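# Topology and contacts: notes
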Amino acid sequence: MIVIIDYGVGNLGSIRNMLKKIGHSSEISSDPEVIKNAEKLILPGVGAFDAGMSKLNETGLVALLHQKVMEEKTPTLGICLGMQLMTKGSEEGQEAGLGWVDAQCVRFRFDEGKKLKVPHMGWNYVHAQKEHALFDGMFEAPRFYFVHSFHLQCNNAQDVFLTANYGYDFTASFVVDNVMGVQFHPEKSHKFGMQILKNFATYVAS
Amino acid sequence: MAITRVIPVLLLRNQGLVKSVKFKAPKYVGDPINAVRIFNDKEVDELVFLDITASTEGKPVPLALLQDIATECFMPLCYGGGIRSLKDIQQIIQVGVEKIALNTIAHEQPQLIQEAAAVYGSSSVVVSMDVKKNLFGKWQVWTKGGTVNTKKDPVAWAKEVEALGAGELMVQSIDKDGTMSGYDLELIRRVAQAVEVPVIACSGAGTVEDLARPIKEANASAVAAGSLFVFHGKHRAVLIQYPGQQVLRQLFS
């Protein structure tokens, strides 16, 4: 069973709906028993870093999540803020992140005279920097829906999976073993997002 | 660069889809869920649903319908109409809609913009304004489905709501609505140049070519249209349609 972690942030129904549409059942839960038995985890989230991190801390699930993700190597997908929480921290706040990927979140910074509107909101193309099962069977010119003001900065280039360009190239997705994150919203990205979720749902560690 | 968004705006009235002309004479165009399915197939960038009678008739937000719409909708979704409180907003977002559009209530309770932005982030809060020219050619912002004149200047109002935390502004022209005669580019330009947040141009698109003009000539960040996506031909036969990706990308290149 795929468990979508419910820590009171964002719209989780649409992720479950898309999974259902492609034939995979999932459960939205904050119950430690349910999470303990999960085969896969999705960490969703929207909003500010500190608000998200403190809500996650309040659930008391963090130790269990560390156990599942870092020790049991449960395949885990972070979406949007959920992906950012997997890093060490963010310029947006003071709270420490989960530290599952050697990365931090930084604000979009543009050169003078080349300022773009922040948040980066809307559809954008992504470019794969390495091969990964998440992109198996992906359609031509893959595009996804983004809403964010901060983006990941990976300290190890090999962790970067997808990049997108908004003023400059930034990390739109990372993959480190069983830990994966996407900055965009697959659940709102038509067939492109469906393909990512389908690949995640059928993902087997190699 | 982000891809320019092209957004169908669908009007709800008593659970059905309608399309108006100059905010009047709503014509029934079909079932909303069916429309969402078609727009899914057409890989639409985003959808906006506005309930045009919720505010004027004091009806509650049609939550059950919104939930059904959100369940079917594999693209970003925005809803406006009849929102009166933070609790309404919370319920709308909970059923799976990611953005809310505030219009009448933004005038009655401007602090709601601030409160909603603080809880859900500015990117979830759209302020929609309906603008009409008076006899002297002066633009004024109207509310309650185009029935009440606030006499506010759209540029001043845009700056005010931006300062309160609106993440996007949708500019509708009552004079242009449903006429398919092209956007009010001057109005859109004035508003878009006055604010930093993205402006969604709405009202008046009659051809696919019209969609490019607010972007190229009036500083808009996204374009929205109603009639263009639900009517076909000069007799306005109902046909849900949306340009293909190649057409759109060429249009904005």
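Cut-offs and rules
- Residues numbered from 1 in each chain as written.
- Chains lettered and ligands numbered in written order.
- Predicted model: local features only at pLDDT ≥ 70, side-chain atom pairs only at ≥ 80, totals over all residues.
- Helix = DSSP H or I, 4+ residues; strand = E, 2+ residues; numbered from the N terminus.
- Rg over C-alpha atoms; globule rule 2.2 N^0.38 Å.
- Buried ≥ 20, exposed ≤ 12 C-beta atoms within 10 Å, placed from the backbone.
- Contact = placed C-beta atoms within 7 Å.
- Pairing = 2+ DSSP bridges.
- Nonpolar A, V, L, I, M, F, W, Y, C, P; charged D, E, K, R; others polar.
- Right-handed = clockwise from strand over helix to strand, strands pointing away.
- Axes fitted to C-alpha atoms, helices over the stretch in contact; angles between N-to-C directions.
- Left-handed = near helix turned anticlockwise from the far one by under 90°.
- Arc of directions from axis to C-beta.
- Core = buried A, V, L, I, M, F, W, Y, C linked by C-beta atoms within 7 Å.
- Parallel < 35°, antiparallel > 145°, perpendicular 65-115°, else oblique.
- pLDDT = per-residue confidence, 0-100.

The next subject is the overall build of chain B. Helix and strand content of chain B: ten helices and 14 strands. On C-alpha atoms alone, chain B measures out to a radius of gyration of 16 Å, which is about the 18 Å that the 2.2 N^0.38 rule sets for 253 residues. Its C-alpha atoms put chain B at 40 × 40 × 40 Å along the principal axes. Residue burial in chain B is summarised as follows: out of 253 residues, 53% are buried. Counting contacts in chain B only where the partners sit at least 6 residues apart, residues at least 24 apart contribute 64% of the total.

Glancing now at the pairing of strand S4 (residues 76–79) of chain A. On any regular strand, side chains alternate: one points to one face of the sheet, the next to the other face. All names here are of chain A. Side chains of S4 alternate between two faces, with Thr76 and Gly78 and Leu77 and Ile79 buried alike. Bridge count between strand S3 (residues 40–43) and S4: three bridges; the pairing is parallel. Residue Leu43 lies in a different strand from S4, and its bridge partner there is Gly78.

The interface of chain A with chain B comprises 23 residues on the first partner and 20 residues on the second. For the side of chain A that touches chain B, the element with the highest residue contribution is strand S6 (residues 120–128) of chain A, accounting for five residues. For the side of chain A that touches chain B, the per-class residue count stands at nine nonpolar, eleven polar and three charged.

This part is about helix H1 (residues 13–21) of chain A. For H1 of chain A, the full list of buried residues reads Ser14, Ile15, Arg16, Met18 and Leu19 of chain A. Contacts made by the buried residues of H1 of chain A are with strand S1 (2–5), strand S2 (26–29), S3 and helix H6 (190–201) of chain A together with helix H2 (63–72) of chain B. Just downstream of H1 of chain A, Gly23 of chain A is the residue with a positive phi angle, here 85 degrees.

Further remarks concern the environment of Gly244 of chain B. All names here are of chain B. In this structure, Gly244 sits in the loop between strand S14 (237–238) and helix H10 (245–252). Given 10 C-beta atoms within 10 Å, Gly244 falls into the exposed group. Between the C-alpha atom of Gly244 and that of Thr53, which follows or precedes it by 191 residues, the distance is 32 Å.

This paragraph deals with the pairing of strand S12 (residues 222–225) of chain B. Residue and element names in this part refer to chain B. The alternating pattern of S12 places Ala222 and Ala224 on one face and Val223 and Ala225 on the opposite face, and all of these are buried. Relative to S12, strand S1 (residues 5–13) runs parallel, the two being bridged by four bridges. The residue of S12 that forms the bridge with Arg5 is Ala222. Inspection of the sheet shows strand S11 (residues 199–201) paired to S12 by two bridges, in the parallel sense. If you follow Ile200 over to S12, its bridge partner there is Ala222. Taken together, S11, helix H8 (residues 213–218) and S12 constitute a β-α-β crossover, and its handedness is right-handed.

This part takes up the packing of helix H6 (residues 154–164) of chain B against helix H7 (residues 185–194) of chain B. Residue and element names in this part refer to chain B. The geometry of H6 relative to H7 is characterised by a closest axis approach of 9 Å and an angle of 35 degrees between their N-to-C directions. Regarding H6 and H7, the two cross each other, and that crossing is right-handed. Of H7, the residues touching H6 (which contributes Pro154, Val155, Ala158 and Lys159) are Leu187, Arg190, Val191 and Ala194. For the contact of H6 with H7, the class distribution of residues is six nonpolar, no polar and two charged.

With that out of the way, let us pick up helix H5 (residues 111–120) of chain B. Residue and element names in this part refer to chain B. Buried within H5 we find Leu112, Ile113, Ala116 and Tyr120. Angularly, the buried residues of H5 cover 105 degrees about the axis, an arc narrow enough to put them on a single face. Summarising the contacts, the buried residues of H5 are in contact with helix H3 (86–94), strand S6 (99–102), helix H4 (104–108), strand S7 (125–133) and H6. The first or second residue beyond H5 is Gly121, which carries a positive phi of 85 degrees.

A few words on the nonpolar core. Counting residues in hydrophobic clusters, the biggest one holds 148 residues, and the most contacted among them are Leu47, Ile100, Leu169, Val171, Ala201, Val223 and Ala224 of chain B. Ranked by the residues each element gives to this core, the list is headed by S1 of chain B, at six residues.

A few words now on the packing of helix H1 (residues 32–41) of chain B against H2 of chain B. Residue and element names in this part refer to chain B. It is at 9 Å that the axes of H1 and H2 come closest, and there the two elements cross at 15 degrees. If you check the angle between H1 and H2, you find them roughly parallel. As H1 packs across H2, the resulting crossing turns out to be right-handed. Along the contact surface, H1 presents Pro32, Ile33, Val36, Arg37 and Asn40, while H2 presents Leu65, Asp68, Ile69 and Glu72. In the contact of H1 with H2, the residues fall into five nonpolar, one polar and three charged.

In this section: unusual backbone geometry. All names here are of chain A. Here the amide bond leading from Val118 into Pro119 is cis, since omega sits at 10 degrees, within 30 degrees of zero. Take Pro119: it is sitting in the loop between strand S5 (103–107) and S6. With a phi angle near 60 degrees, Lys73 is a residue other than glycine that sits in the positive phi range. Take Lys73: it is sitting in the loop between helix H4 (62–71) and S4. Using a count of 12 C-beta atoms within 10 Å as the deciding quantity, one classes Lys73 as exposed. One non-glycine residue with positive phi stands out, namely Ala141, at about 45 degrees. Examined against the element boundaries, Ala141 turns out to sit in the loop between S6 and strand S7 (143–148).

A few words on the confidence of the model for chain B. Across chain B, the average pLDDT comes to 95, with 100% of residues at 70 or higher. With a pTM of 0.91, the predicted complex shows an ipTM of 0.85.

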